[in-house]
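Here is what each chain is made of, one letter per residue.
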There are 2 protein chains.
Amino acid sequence: MSVVSPHCELPAEVAARLKRNPVGLVPAIAQDITSGRVLMMAWMNDESLALTLSTGKATYWSRSRQELWIKGETSGHTQHVREVSIDCDGDTILLLVDQVGGACHTGAESCFDAGGTLPMSVHEGEDE
Amino acid sequence: MSVVSPHCELPAEVAARLKRNPVGLVPAIAQDITSGRVLMMAWMNDESLALTLSTGKATYWSRSRQELWIKGETSGHTQHVREVSIDCDGDTILLLVDQVGGACHTGAESCFDAGGTLPMSVHEGEDE
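My aim in this report is to walk through the structure given alongside it, one point at a time.

### Thoughts on the interface of chain B and chain A
Step number 1: Opposite the 47 residues of chain B that make contact, chain A presents 48 residues.
Step number 2: Both faces considered, chain B and chain A share a buried interface measuring about 3,900 Å² in area, 63% of it formed by carbon and sulfur atoms.
Step number 3: In this assembly, chain B and chain A are joined by two salt bridges.
Step number 4: Of the charged contacts in the structure, one is a salt bridge between Arg63(A) and Asp91(B), with a shortest N-O distance of 3.6 Å.
Step number 5: Counting the contacts that link chain B with chain A gives 12 residue pairs in polar contact (both at pLDDT 80 or more).
Step number 6: For the side of chain B that touches chain A, the element with the most residues is strand 5 (residues 79-86) of chain B, which contributes seven residues.
Step number 7: Its residues assigned to classes, the side of chain B that touches chain A comprises 22 nonpolar, 15 polar and 10 charged.

As C-alpha cells, this is what we get:
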C-alpha cells in the first residue's frame, strides 16, 4: 500500500511543535464530528500527519505492517478530516472526522464499542 | 505523591485483555461526559487503571515524574469517572468523566484548546 503524494512534507512550524515518541510516532484520536463519539486511536508519523493535513483523508502509520495506512482504503470506511488539533504538549493529535461506515475493523461504529466497558467497583456517588 | 489503596490490583480478566506498550503503559483518553469534548490523553499502568476503576477518580502514570498521578490532586481539577471502555485491540482506554475545572494544566477546558488547530491545505469539498 504505497502512497505517492506531492505534499508529503510537514510544514516546518508543525514539525517543530510535534513531540514524537522514540520511534517517531504520535497518538492520534479520531472523533466523529457529528455524534461526538471517540471512534479510535491510532498512530501517526510525520508523513502520515502531513498527508492527513494535505489530503483531508485520515492517514495513519501501521505499526504492525510498518507502512502508511489511509483509513478506509481497503474497507471503504474512510474518515474525511474536518479539523486537526494538537494538544498543549504537542504529543497527541485529535482529528474531527466525518466517518463513513464503522470506524472499527470489527464493523462497530467505534473501537470502544467493540471492546466494551470495564467493571468499576466504586459505588455511584461515592466519589462525590 | 504516594497512593495507598486496598484495591490496587487489576481484576484478572481486565489484566488479561490489556495490551501494554514495552514500558507497561496504555494511552487513556478522557472525554467530558456532558459536552462530549475530548479533554486530554495520558498514560496508565496496571495500578493506575485499577485505582481508576476502584476509586472512580481518574488516576494516571506520570512518565516525567515516574509516579502515580491522581488527576486534580494538586489543582483540584479532578475527573470523576463515569465509564471506562477499552478498545477492540485492548491497547487504548477511554474514560467518560465529569471534569471539575479545566482539564489542561494551562487552565484550558481541553488540552486540545491549549494546543490549537493545525492548518489544513486541502480545500473544502476536495475530498468528497
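### Let's talk about the layout of surface pockets
Step number 1: Taken as a whole, the largest pocket encloses approximately 740 Å³ of empty space.
Step number 2: Contributing to the lining of the largest pocket are 35 residues, with Met40(A), Met41(A), Ala42(A), Trp69(A) and Asp89(B) lying nearest its centre.
Step number 3: Where the lining of the largest pocket is concerned, the elements lending two or more residues are strand 2 (38-44), strand 3 (59-62) and strand 4 (67-70) of chain A.
Step number 4: At four residues, strand 2 of chain A tops the list of elements feeding residues into the lining of the largest pocket.

### Here we look at the sheet that holds strand 1 (residues 26-32) of chain B
Residue and element names in this part refer to chain B.
Step number 1: Reading across the sheet, the four strands line up as 2-1-6-5 and stay open at both edges, with mixed pairing between neighbours. The open sheet is flanked by strand 2 (38-44) and strand 5, the only strands paired with a single partner. Strand-to-strand twist in this sheet, taken as the mean axis angle between neighbours without regard to direction, amounts to 25°.
Step number 2: The pairing of strand 5 with strand 6 (residues 93-99) spans seven bridges and is classified as antiparallel. Across the sheet, the residue bridging to Ile86 is Ile93, located in strand 6.
Step number 3: Against the sheet, helix 2 (residues 46-55) touches strand 2, strand 5 and strand 6, its axis set at about 130° to strand 2.

### A few points about helix 2 of chain B
Each α-helix winds once per 3.6 residues, and so residues spaced three or four apart point in a common direction.
All names here are of chain B.
Step number 1: For helix 2, the tally of buried residues reaches seven of 10 residues, placing the bulk of the element in the interior.
Step number 2: Looking at helix 2, one finds that the buried residues are Ser48, Leu49, Ala50, Leu51, Thr52, Leu53 and Ser54.
Step number 3: Elements that come into contact with the buried residues of helix 2 comprise helix 1 (12-17), strand 2, strand 3 (59-62), strand 4 (67-70), strand 5 and strand 6.
Step number 4: Where helix 2 terminates, the next one or two residues include Gly56, which has phi positive at roughly 75°.

### Description of the sheet that holds strand 6 (residues 93-99) of chain A
All names here are of chain A.
Step number 1: Strand order in the open sheet formed by four strands is 2-1-6-5, with mixed pairing between adjacent strands. Since the sheet does not close on itself, it has two edges, and those belong to strand 2 and strand 5 (79-86), each with one partner. Across this sheet, the average inter-strand angle for adjacent strands is 25°, counted without regard to direction.
Step number 2: Summarising the sheet, strand 1 (residues 26-32) and strand 2 pair through six bridges and their orientation is antiparallel.

### Quick notes on the side chain of Thr52(A)
Step number 1: Tracing the backbone through its elements, the reader meets Thr52(A) in helix 2 (residues 46-55).
Step number 2: Residue classification places Thr52(A) among the buried positions, given a relative accessible area of 0%.
Step number 3: Among residues more than four places away in sequence, those in contact with Thr52(A) are Met44(A), Lys57(A), Ala58(A), Thr59(A), Val81(A), Leu95(A) and Met120(B).

### Brief notes about unusual backbone geometry
Residues and elements named next belong to chain A.
Step number 1: Of note, the phi angle at Gln66 is positive, near 55°, even though the residue is not glycine.
Step number 2: You can see Gln66 is positioned in the loop between strand 3 and strand 4.
Step number 3: Given the relative accessible area of 53%, Gln66 is considered exposed.

### A look at the environment of Ser110(B)
All names here are of chain B.
Step number 1: The residue Ser110 is located in the loop between strand 6 and helix 3 (111-115) in this model.
Step number 2: Judged by relative accessible area, which is 0%, Ser110 ranks as buried.
Step number 3: Through-space distance from the C-alpha of Ser110 to that of Met40 is 6.3 Å; in sequence the pair is 70 residues apart.
Step number 4: Excluding residues that lie within four positions of it along the chain, Ser110 makes contacts with Arg37, Val38, Leu39 and Cys104.

### A word on the side chain of Gln31(B)
Step number 1: Considering the arrangement of structural elements, one finds Gln31(B) in strand 1.
Step number 2: A distance of 2.8 Å separates a polar side-chain atom of Gln31(B) from the backbone oxygen of Gly36(A).
Step number 3: Apart from the residues within four sequence positions on either side, Gln31(B) is in contact with Gln31(A), Gly36(A), Arg37(A), Val38(A), Gly36(B), Arg37(B), Val38(B), Leu39(B), Leu94(B), Leu95(B), Leu96(B) and Val97(B).

Procedures and definitions
- Residues numbered from 1 in each chain as written.
- Chains lettered and ligands numbered in written order.
- Predicted model: local features only at pLDDT ≥ 70, side-chain atom pairs only at ≥ 80, totals over all residues.
- Heavy atoms only, no water.
- Contact = heavy atoms within 4.5 Å.
- Buried area = accessible area lost by both parts, 1.4 Å probe.
- Salt bridge = Lys/Arg side-chain N within 4 Å of Asp/Glu carboxyl O.
- Polar contact = N/O pair within 3.5 Å; in protein donor to acceptor, adjacent residues only side chain to side chain.
- Helix = DSSP H or I, 4+ residues; strand = E, 2+ residues; numbered from the N terminus.
- Nonpolar A, V, L, I, M, F, W, Y, C, P; charged D, E, K, R; others polar.
- 1 Å grid on protein atoms, 1.4 Å probe; cavity = no way out; pocket = protein on both sides within 12 Å on 5 of 7 lines; lining within 4 Å.
- Points joined across faces, edges and corners; volume = space filled by probe spheres on them.
- Pairing = 2+ DSSP bridges.
- Axes fitted to C-alpha atoms, helices over the stretch in contact; angles between N-to-C directions.
- Buried < 20%, exposed > 50% of the residue type's maximum accessible area, 1.4 Å probe, protein only.

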